[in-house]
Amino acid sequence: MKLIKNKIERNGSGTVTLCPEEPEDMWHAYNLIRPGDILQARAIRRITSTQETGSTSTARVQLMLRIRVKNLDFDPQSSQLHVGGQIMNETDHTKIGQHHTLDLELNRNFTLEKETGSDGEGVGWDSIAIEMLKDAVDEGGKRRAEAVAVVMQEGLAHICFIGQFRTILKQKVEMSVPRKRHGGGDHDKGMSKFYQVTLDTLLRQMEFNTSSTSLSSTETVRPLLLASPGFVAAGFHKYIQSVASTTTPALKRLLPSIIVVHSASGYLHSLSEVLQSPAVKAVLADTKYARETKLMDDFMEQLRKETNKATYGPREVESAVDQGAVGPGGGVLIVSNRLFRSQDVAERKRWVSLVDRVRDVEGGEVRVLSSDHESGRRLDGLGGVAALLTFPIIEEDMDSD
Amino acid sequence: MSRHRVKNMSYDEEDYEDDGYDSQDPEEQEYLQQCTQEVLTQLQTGQPSIAATREEVQEALWHYYNDVDKSVNFLRSKRAKELQKKQSVPAAAPPKPKGQTVPEYYPIPPSSLSPHPAHFSAADFFRDSPWLNVPAHRKAEILVESLYPRLGLLGGAPEAAGKVSKLAALAAARKKKEGDKGASANTSTMSGFPSGQAPTSTSEPNVAPLSLRERLAANGKQQKRSDGLQSPRTLGKASHSGAGSVSLKVPSPEPQKLESLSDKPVDEEKTIAIDEGEIAQSAASNIRAPPSTFASTIVGDTTQPRMAEPSHLYSNTLDLMKIYGQDLAEPFDFTGPSPDDVVLNAQNSAKGMKSKQTAAKAAGDKKPQGDLATGMSNLNVGEKVNIKSKNLDVLSEYHKSNRKNAMNFAVIGHVDAGKSTLMGRLLADLKAIDPRTLDKYKREAEKIGKGSFALAWVLDQGSEERARGVTIDIAMNKFETDKTVFTIVDSPGHRDFVPNMIAGASQADFAVLVIDSGTGNFESGLKGQTKEHALLARSLGVQRVIVAVNKMDSVNWSKDRFEEIEQQISGFLTTAGFQAKKISFVPCSGISGDNVNRRSEDPNVSWYKGNTLVEELEKTEPYIHALDKPLRMTIGDVFRGSVQNPLSISGRIDAGSLQMGDQILTMPSGEKATIRSLEVDGEPSDWAVAGQNVVLNLVNIDPIHLRSGDVICRASAPIANITSFTAKVLAFDHLMPSMVDIHRGRLHMPGRISKMVATLDKSSGAVVKKRPKIVAPGNVARIVVEMDHAVPLEAPTRVVLRSGGETVAAGLLE
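Residues numbered from 1 in each chain as written. Chains lettered and ligands numbered in written order. Predicted model: local features only at pLDDT ≥ 70, side-chain atom pairs only at ≥ 80, totals over all residues.

An unreviewed UniProt entry lists chain B under the name Elongation factor 1 alpha-like protein, with Aspergillus nanangensis given as the organism. Check the Sequence similarities (unreviewed entry) section of the UniProt entry for chain B; it says "Belongs to the TRAFAC class translation factor GTPase superfamily. Classic translation factor GTPase family. EF-Tu/EF-1A subfamily." Database annotation for chain B, UniProt heading Catalytic activity (unreviewed entry): "GTP + H2O = GDP + phosphate + H(+)". (UniProt positions renumbered as here; feature names shortened; annotations may be inferred.)

Per an unreviewed UniProt entry, chain A goes by the name Protein DOM34 homolog and belongs to Aspergillus nanangensis. Reading the Sequence similarities (unreviewed entry) entry of the UniProt record for chain A gives the comment "Belongs to the eukaryotic release factor 1 family. Pelota subfamily."

(A) Fine view of the overall build of chain A. The helix and strand inventory of chain A stands at 10 helices and 16 strands. Within the span of chain A, comprising 401 residues, buried residues form 39% of the whole. The contacts in chain A between residues at least 6 apart in sequence include a share of 65% that link residues at least 24 apart. (Helix = DSSP H or I, 4+ residues; strand = E, 2+ residues; numbered from the N terminus. Buried ≥ 20, exposed ≤ 12 C-beta atoms within 10 Å, placed from the backbone. Contact = placed C-beta atoms within 7 Å.)

(B) Highlighting the overall build of chain B. Along chain B, the regular secondary structure elements total 27 helices and 24 strands. Counting over 814 residues, chain B shows a buried share of 48%. Partitioning the intrachain contacts of chain B with sequence separation of at least 6 by distance along the chain shows that 74% fall at a separation of at least 24.

(C) A look at the packing of helix 1 (residues 23–32) of chain A against helix 2 (residues 127–136) of chain A. Residues and elements named next belong to chain A. Contact pair helix 1 / helix 2: the axes reach a minimum separation of 10 Å and the direction vectors enclose 170°. As far as their axial angle goes, helix 2 and helix 1 are roughly antiparallel. When helix 1 is examined against helix 2, the residues Asp25, His28, Asn31 and Leu32 are found in contact with a partner set consisting of Ala129, Met132, Leu133, Asp135 and Ala136. Taken together, the residues of the contact of helix 1 with helix 2 sort by class into 5 nonpolar, 2 polar and 2 charged. (Axes fitted to C-alpha atoms, helices over the stretch in contact; angles between N-to-C directions. Parallel < 35°, antiparallel > 145°, perpendicular 65-115°, else oblique. Nonpolar A, V, L, I, M, F, W, Y, C, P; charged D, E, K, R; others polar.)

(D) Spatial organisation of helix 21 (residues 435–447) of chain B. The end-to-end C-alpha distance of helix 21 of chain B, which contains 13 residues, comes to 18 Å, matching closely the 18 Å that a straight helix rising 1.5 Å per residue would cover. Where helix 21 of chain B terminates, the next one or two residues include Gly449 of chain B, which has phi positive at roughly 75°. (Expected span 1.5 Å × (residues − 1).)

(E) Seen up close, the interface of chain A and chain B. At the junction of the two partners, chain A supplies 27 residues and chain B supplies 30 residues. Of all elements in the fold, only helix 3 (186–206), helix 7 (288–305) and helix 10 (374–381) of chain A reach the threshold of two or more residues within the side of chain A that touches chain B. Take the side of chain A that touches chain B: its biggest share by element is 3 residues, from helix 3 of chain A. For the side of chain A that touches chain B, a count of residues per class yields 9 nonpolar, 8 polar and 10 charged.

(F) The environment of Ile583 of chain B, seen in detail. Residue and element names in this part refer to chain B. For Ile583, the location among the structural elements is in strand 8 (residues 583–587). A count of 17 C-beta atoms within 10 Å places Ile583 in the partly exposed class. On a C-alpha basis, the gap between Ile583 and Ile546 in space is 5.7 Å, while along the polypeptide they are 37 residues apart. Ignoring any residue separated from it by four or fewer positions in sequence, one finds Ile583 in contact with Val545, Val547, Ser570, Leu573 and Phe578.

(G) Here's a closer look at unusual backbone geometry. Residue and element names in this part refer to chain B. With an omega of 10°, the peptide bond between Met667 and Pro668 qualifies as cis. The topology assignment puts Pro668 in the loop between strand 12 (663–667) and strand 13 (671–680). Its identity as a non-glycine residue notwithstanding, Asn556 has a phi of 60°, on the positive side.

(H) Looking closely at the sheet that holds strand 16 (residues 385–388) of chain A. All names here are of chain A. Read from one edge to the other, the open sheet built from 4 strands follows the order 13-16-14-15, with strand pairing classed as mixed. Only two strands of the sheet have a single neighbouring strand rather than two, namely strand 13 (310–312) and strand 15 (365–369). The sheet shows a mean angle of 15° between the axes of neighbouring strands, direction not considered. Judged from the 4 bridges that link them, strand 14 (residues 332–336) and strand 16 form a sheet pairing that is antiparallel. Each residue of the ladder has a partner; that of Val332, found in strand 16, is Leu388. Across the face of the sheet, helix 7 comes into contact with strand 13, strand 14, strand 15 and strand 16 while running at roughly 70° to strand 16. Its contacts with the sheet place helix 10 against strand 14, strand 15 and strand 16, and it is angled at close to 95° to strand 14. (Pairing = 2+ DSSP bridges.)

(I) Summary view of the pairing of strand 21 (residues 767–770) of chain B. Relative to strand 21 of chain B, strand 20 (residues 747–760) of chain B runs antiparallel, the two sharing 3 bridges. Its bridge partner being in strand 21 of chain B, Leu760 of chain B is matched across the sheet by Val767 of chain B.

(J) Representation of the pairing of strand 18 (residues 721–731) of chain B. Of the strand pairs in this sheet, strand 18 of chain B and strand 22 (residues 780–792) of chain B are connected by 9 bridges, and their pairing is antiparallel. Paired with Val729 of chain B across the bridge in strand 22 of chain B is Ala781 of chain B.

(K) Molecular detail of the confidence of the model for chain A. Of the residues in chain A, 91% reach a pLDDT of 70 or more, and the chain-wide mean stands at 81. The element-level mean pLDDT for chain A is lowest in helix 6 (residues 278–283) of chain A, coming to 78, with helix 4 (residues 232–246) of chain A highest at 90. (pLDDT = per-residue confidence, 0-100.)

(L) Here's a closer look at the nonpolar core. Formed by 150 residues in total, the largest nonpolar core has its most connected members in Ala505, Ala511, Ala548 and Leu735 of chain B. Ignoring anything within four residues of it in the chain, the contact list for Ala511 of chain B reads Phe409, Ala410, Ile412, Ala505, Ala537, Val542 and Val545 of chain B. (Core = buried A, V, L, I, M, F, W, Y, C linked by C-beta atoms within 7 Å.)

(M) Representation of the sheet that holds strand 1 (residues 2–8) of chain A. All names here are of chain A. The 7 strands lie next to each other as 1-2-7-3-4-5-6, forming an open sheet whose pairing is antiparallel. Each having just a single partner strand, strand 1 and strand 6 (99–103) make up the two edges of the open sheet. Across this sheet, the average inter-strand angle for adjacent strands is 40°, counted without regard to direction. The sheet contact formed by strand 4 (residues 56–75) and strand 5 (residues 80–87) spans 8 bridges and is antiparallel. Residue Asn71 lies in a different strand from strand 5, and its bridge partner there is Gly84.

(N) Focus on the confidence of the model for chain B. All names here are of chain B. Per-residue confidence for chain B gives a mean pLDDT of 72, with 63% of residues at or over 70. Note that pLDDT drops below 50 for residues 91–115; the model gives that stretch 56 contacts with residues more than four away or on any other chain. Note that pLDDT drops below 50 for residues 185–210; the model gives that stretch 35 contacts with residues more than four away or on any other chain. Quick note on the complex model: pTM equals 0.62, ipTM equals 0.78.

(O) The environment of Leu226 of chain A, seen in detail. Residues and elements named next belong to chain A. If you trace the backbone, Leu226 turns up in strand 11 (residues 224–228). Spatially, the C-alpha atoms of Leu226 and Val151 are 6.2 Å apart, while their sequence positions differ by 75 residues. Setting aside anything within four residues of it in sequence, one finds Leu226 in contact with Val150, Ala233, Phe236, His237, Ile258 and Val260.

So this is what it looks like as structure tokens:
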């Protein structure tokens, strides 16, 4: 995302103009834009006009619309963001108060304004929002590390794209593969059919150019991780090799970037195990994802050891923070960014203030995990918030709720 | 008119097997009604007034393409004909042509002259070419017989029921004659006494098998004899009837033949006396050359009657019939099929087709109608898959059947403990597989340098399993002892395939835990899957376990080693929840077969006095299954059984019973299917009960609705699809809210522990701590598990929760 203009006031209100450049930027926009904000973007609106004769005509006109955001609709698969709200500026074709849904588009600027009302309405550009903005406007281009992962088991494959901030499940391939039987060769046949379908789907999702002319193309190929329990991934790798050497030579470009790793199952949550494997770490070193996964593993380890130096759940973490356990020297507050997406302003304020407090007052570390990654999902399972503590605390019974 | 005709024609072709009228569109029907009404009025008001049935009128209209005038004409003449016939038949005299009985313009409607394009074929075109004429008796066997004699385009008026027209008969006879002639042509021309030929040729067809057309002719024989008297005919071509009943002139292009012709009638007893006029007439008319191929094609030459007697129309030089060498014995009688019909008839019968006309006229044609009815019933053979249930009382059948006890046992243990080999040895020693197959495996295994795996190949059938020497999926195999039928469920030991092992163990009544006694191997196994498998088996409801201490030959049958293992394992198994009396130990060696089926003769084993593995298996008490509960069966595999059974599923019935013809419901898809047939332990059967391993051949369902892991039940007592459940589980590892894989037999799906309700006291089940943060291994807890997709689960089902390749918990749904 490109930052075009930045006019954030000291009090937290102000506007920024941003230009999304790639699909993941839409996800950032989705996290930045909150209900109540003012969004200005180009819009195409269909105008119906009635002539004096009574005949009607419709025309599509381009407008610059400012809307007060009411709701957001994000489609993670196609990375499309639709922002609905009421129009705030009057144009030739629209009136104030009419509803409109803006479809944010790649490479088209939009301006986002957040207000801090005197009576506490609106949260403005709080620390989390500014952090998110920094994440979104990553000028160094460090986060190019992306990978495609196929997590599979017999008859089941999940094709997903691992980005810096999220993992998108692109497609799930599910097929019924006959089991081994006496005197039946159906199993092998079923498996090669399954490999074939998976490969076709994978190439389609990767938009991989399989024409023979593409062999000399210099287009970089993202790392392709094949993971499965048993021998399925290895079998798939072998299948790709055989296809590359026989029918589709263009696949040879793909072969060097394939990494076969072990996973416990073919389900998506095995991805965390995949990303921890040394072979993958070498390729995707120090991605945000890898750091987040590591953090979650550390947390789970503490929890497992029953040292009482780890806790999870909203109330538990808040009480730990109150006791000053999330301080300097190992205290880490782990928050899922899902909490900041809350429609409820008070809810968001609660978490933002907790984060601010830990960072500024307690001196602990704060890590915001993306809920669209596997680690974030694990965190969500724990209530969206967890903490590593500097000293063990005896937890009192939380029977009250 | 032409527009409608065109429509009719297309119907003719498309709905050839249907009654064309039924498929007429409303517009046409309406038009037909109009015309019918008009014709009826005209008939009544005209002179003389004639009554005609609606059907008749419509019939006529159909033939005249809704031309009202022509239909009226036709009906009038038909009435007149009937009248005339009534008078003439008793008299057996040639009919006197009467002016008013004759169609005014054409003896045959012009439209019938143009051959029906749909019926036009090359075969017909060359039908009268002598070089193609194989004698009738030679081709009789390959002729396709039509189901019904076909009636003609203009013929079959209701009054003509049962009769086949003279024309048809003539046509048939003539055709046959042609064949005869082809055979006898040489002799007749050479001898110069063709008349002598007549008796032979007439007798011949009686010997020859009846062709279709002959049958047609025979149908009309009776009538023909009398008819023949009144209307002797000559044919347009050089042939005469062979039936003997009808004498036909064989006018030949050659003059000398013509002479002989006049003699011929004398030879034939039954021949009609042909009056002089006729003979003269025929002689006169036969001076012409035979009709050209084209002409024959147009007019349908062979089947066209010729006028044997001058009609009042005879002198009409404009008569198309006459130009083509056709004579009419009498004004055309419309009761029979028209010449075109005869042609079409012949063609259709040759093609084995049923004509539209036949169907259309069925109402007026009694005999063909009967044929038609049977024909239709033949056609209405059901195509729907309809399986009849025998409505057995399966439970009483089961009690009556007195089967041997049937038991499943799972073979579990660490990878490379020798599970598959031990079971291969068991099967080989019990002669459950034939030695030749085993030899083959041995050869093949040695070829790839894995000679010791030969026995395991009995169960490891997959190509990958053999190549890698590792069992990947469960294998089922059965063998019988004197008392019991055992089904082996050989499980994979590798940790990656524990899901498959769960599927196997969930089908088992008891387990055989195979332990590698080799130094170091036992210890590593205990840490590995030996422990996990044993715990899983216990969690899945297995109560009895036989511990086969395998590879004892590798430790020289050391008693100390055996006792060490026995002590450690029994200690572990009792903590896992097995009762001490339900655990037994057998030292054995799968590769050599000692103490498997036969007692070891090795002197080192003399210290062991206990049972062999097979004896130990037989000691197991049969397990009671829930026969009278609602049907539940987890699909183990979906596959293509054979050509007859393109969709089969296998599995073990968990509860209830089923039989052939039952309708079942698959969950979670909620689709219904019918059991076409079923197999119990590889034997066809009509029914099956809980505890049996079955293969169900299904129909009326799409295979995409069936996946392994789905549950079969009845629509009357379905299993519910749920997205979350509460379970009481035993934690094998630290439990905290996290993502888990949920396993239930073959069924496995992703889910997450969303809430930990409480930790419970192990023995009493009382709540120890509410809302624990984490549950330590070995504790019992009540947890809530949520899933992304609805799956068929119900209490009390045993589930296993795994995470990161480890079993974290196992328990019971609440």
